[in-house]
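Breakdown of the fold
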Amino acid sequence: MPTAGGVSRPVKIIPLQHPSVGAGSSSSSSNSPAAFFSGLATKWKRLTFLQFIDGLFPCYRWIRTYRWRDDFQVDLIAGLTIGIMLVPQAMSYAKLAGLEPIYGLYTGFVPIFVYAIFGSSRQLAIGPVALVSLLVSNVLRGIAGSSDELYIELAIVLALMVGILECIMGFLRLGWLLRFISHSVISGFTTASAFVIGLSQAKYFLGYNITQSSKIVPLIQSIIAGADQFAWPPFVMGSGILAVLLIMKHLGKSRKQFRFLRAAGPLTGVILGTTLAKIFHHPSISLIGEIPQGLPSFSVPKNFGYAKSLIPTAFLITGVAILESVGIAKALAAKNGYELDSSQELVGLGLANIFGSFFSSYPSTGSFSRSAVSNESGAKTGLSGIITGIVMGCALLFLTPLFEFIPQCALAAIVVSAVIGLVEYEEAIFLWRIDKKDFLLWIITCTTTLFLGIEIGVLIGVGVSLAFVIHESANPHIAVLGRLPGTTVYRNVQQYPEAYTYHGIVVVRIDAPIYFANTSYIKDRLRDYEVNVDNSIRRGPEVERIYFVILEMSPVTYIDSSAVQALKDLHQEYRSRDIQIAITNPNREVLLTLSKAGVVELIGKEWYFVRVHDAVQVCLQQVQSLHQTSSPAAESKPNRFERLLKQRGEDLSVAELESGQRKASASRNGDPNLEPLLSHKFTP
């Protein structure tokens, strides 16, 4: 091949392996539904009996290796701690859900035993939680009054629906669908919900009824309108108990020696409130009243006539379970050194809700605060959950008469102290510093949830989140690459200003799959790069325009039919302007798609390379040849591409490139601007 010195320089490149279309068909067929179910059947047949039991009953994994001497003591302490914490919280959250306190105790009983058997997390503490209780109240009060029997029945039906939905998503492994909901949406939603929950408990502090609403404006208006009915006794008692709870919570988190105070807080608030109510009972301080004694009886959920109205809330509660409970469980599993299957975890939560619905439970899920206390208390296995369930059973059997004198303001203080931790203002500050787009998403979700209601707020937040995802996907990052001095490595010239490019060649990296939504954007950007040359340092023979466009496709994981057609159009457009496309490092599936569509033959197999290094080297020598032959007499010669293909056939035969037998004959006095990628001291 001609060089500055008039001699030919061989180029050794790594040959790209082109997969055959016939061989690739088997690969593509492996993704078909038939292959999927065939693979499942094969896995099922290979299962040993022990693996089958492990999959069906995750508790068997820790039962068969349980160390009674080492693990039982810590599991016992953790189980008792969570039980003591759960009893008052369960009654508080039931009141938040618009139910009688006994249904909170029921929800903290049967589901715990079921989850201990079918759940895979060994530290997750499930039961009633504030956020789910708010969602239950929000949907049910629009259908029935909280004192109606229908209200209770629909809460139980909702638990059954949530359980079925969680099981379906677990069995079909559909949890990935909720990955499109940004963490900013969840954080903004929980923060707004915390404010709504806190204000909904104000009636127990103020001593008068306020409007039940999931919107902040009606709540504030109702509080202001009833200010003339304000009563001091419940306010002083509730505020005092709340202060005690917050102090105990702070000491439990900040001082290791006072860690037990965090778990003992709710029980302390109940005991303190009951004692004060007994001593200084005032008519304005409302008490819980009589609570039925005994374990829940078996009953089949009924009144499915309103099931259609409950579907959105069932999906929302399932979303909370996946994004929060499963997230907490995975974090605790990683911290304690064992593996956790997200799908199995969803099935465990679903079965807990299904079985719970047959024993008068409303929807339950994993609690962040109780799970943290469980982990801090040293829980090793699911036995701690069983012990918690036993504590709840003892409370139902023997302690309910004592709960009659618990003041409502004490339970409200427990709820408020719990939801204060849901106000994630630190997350908002972090997002402001790191990513203004995520901060905007947080603000939108939080604001719309506060002012427009829970369902609308979540829908708007998810909609904006998906809009951001679609925008990023339709406008992918595309970079012009340059060579780092002294290397054969090519990087983004914006990130590495010292990287240099070559005259007549532009190297472009597409950092996303190419499909119908982003093909127009990619084509527009490529046209821009052809016209608007970047300001990086340029080397090599000086030519007046771009002759080669090299597409670095290693980040491209997928390409669809629209992208294939776009590449064909782009090739024809470039061909009409004497510009050649070269493609480097496509993955096997992308290359197979291009081969099936005829794009490989259209562009030419010789223009597909393993490395950017190889493509630039070949194109650079072609540019050098063009630079030498650019003269008026050259216009009568054959088409430029015919000439280039002829040169490649003469000087760069596949056999020579693969064998590397051709000896270097470049003159040491060659043009230094050519700067071939392979150093002169290496013999190809």
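As annotated in an unreviewed UniProt entry, the protein chain carries the name STAS domain-containing protein and comes from Linum trigynum. UniProt annotates the protein chain under Subcellular location (unreviewed entry) with the comment "Membrane". Per its UniProt entry, the protein chain bears the Sequence similarities (unreviewed entry) comment "Belongs to the SLC26A/SulP transporter (TC 2.A.53) family."

Right, let's talk about the packing of helix α8 (residues 130–140) against helix α15 (residues 307–336) for a bit. Here α8 crosses α15 at 170 degrees, and the two axes come no closer than 10 Å. Comparing the axis directions of α8 and α15 gives the class roughly antiparallel. Of the residues in α15, those touching α8 at Leu131, Val132, Leu135, Val136, Val139 and Leu140 are Ser309, Leu310, Thr313, Leu316, Ile317 and Val320. Considering only residue class, the contact of α8 with α15 consists of 10 nonpolar, 2 polar and no charged.

What follows concerns helix α12 (residues 216–225). When α12 is considered as a whole, its buried residues turn out to be Ile216, Leu219, Ser222 and Ile223. Taken around the axis of α12, the buried residues stretch over an arc of 135 degrees, which confines them to a single face. More than 90 degrees from the buried face of α12, the exposed residues found are Gln221, Ile224 and Ala225. Summarising the contacts, the buried residues of α12 are in contact with α10 (183–200), α11 (202–206) and α21 (436–452).

It is worth spelling out unusual backbone geometry at this point. The backbone phi angle of Arg173 is positive, close to 55 degrees, even though this residue is not glycine. For Arg173, the location among the structural elements is in the loop between α9 (149–171) and α10. Looking at Arg173, the relative accessible area reads 51%, which means it is exposed. A positive phi angle is found at Asn303, which is not glycine, with a value near 60 degrees. As for its position among the elements, Asn303 is in the loop between α14 (260–279) and α15.

The final tally for this structure, using the stated rule, is 15 aromatic pairs. Centre to centre, the rings of Trp432 and Phe439 are 5.1 Å apart; their planes meet at 70 degrees, and the pair counts as edge-to-face. Ring geometry for Tyr500 against Tyr502: centres 5.8 Å apart, planes inclined by 80 degrees, an arrangement best described as edge-to-face. On the basis of relative accessible area, Tyr502 is assigned to the buried category, the value being 3%. Taken together, Trp62, Tyr66, Trp68 and Phe72 form an aromatic cluster joined through their ring pairs. In this arrangement the basic side chain of Lys437 is found over the ring face of Phe468, its NZ or CZ atom lying 5.6 Å from the centre. Between the NZ or CZ atom of Arg539 and the centre of the ring of Tyr500, over which it lies, the distance is 3.9 Å.

By the definition in use, this model includes 10 salt bridges. Put simply, Arg173 and Asp341 hold a salt bridge, and the shortest N to O gap is 3.5 Å. Within this pair, whereas Arg173 is found in the loop between α9 and α10, its partner Asp341 is found in the loop between α15 and α16 (342–357), the two being separated by 168 residues in sequence. When its relative accessible area of 29% is taken as the criterion, Asp341 is described as partly exposed. Across the salt bridge formed by Arg262 and Glu376, the nearest N and O atoms sit 3.0 Å from each other. Taken together, the positions of Arg262 in helix α14 and Glu376 in helix α17 (residues 368–376) put the pair 114 residues apart, joining distant regions of the chain. Taking relative accessible area as the criterion, Arg262 reaches 11% and is therefore assigned buried. Look at Glu376 and you get partly exposed, because its relative accessible area is 31%. The structure contains a network of salt bridges with shared partners spanning Asp524, Arg527, Glu573 and Arg577.

Conventions and cut-offs
- Residues numbered from 1 in each chain as written.
- Predicted model: local features only at pLDDT ≥ 70, side-chain atom pairs only at ≥ 80, totals over all residues.
- Heavy atoms only, no water.
- UniProt positions renumbered as here; feature names shortened; annotations may be inferred.
- Axes fitted to C-alpha atoms, helices over the stretch in contact; angles between N-to-C directions.
- Helix = DSSP H or I, 4+ residues; strand = E, 2+ residues; numbered from the N terminus.
- Parallel < 35°, antiparallel > 145°, perpendicular 65-115°, else oblique.
- Contact = heavy atoms within 4.5 Å.
- Nonpolar A, V, L, I, M, F, W, Y, C, P; charged D, E, K, R; others polar.
- Buried < 20%, exposed > 50% of the residue type's maximum accessible area, 1.4 Å probe, protein only.
- Arc of directions from axis to C-beta.
- Phe/Tyr/Trp six-rings, centres within 6.5 Å; stacked < 30°, edge-to-face > 60°.
- Lys NZ or Arg CZ within 6 Å of the ring centre and 35° of its normal.
- Salt bridge = Lys/Arg side-chain N within 4 Å of Asp/Glu carboxyl O.

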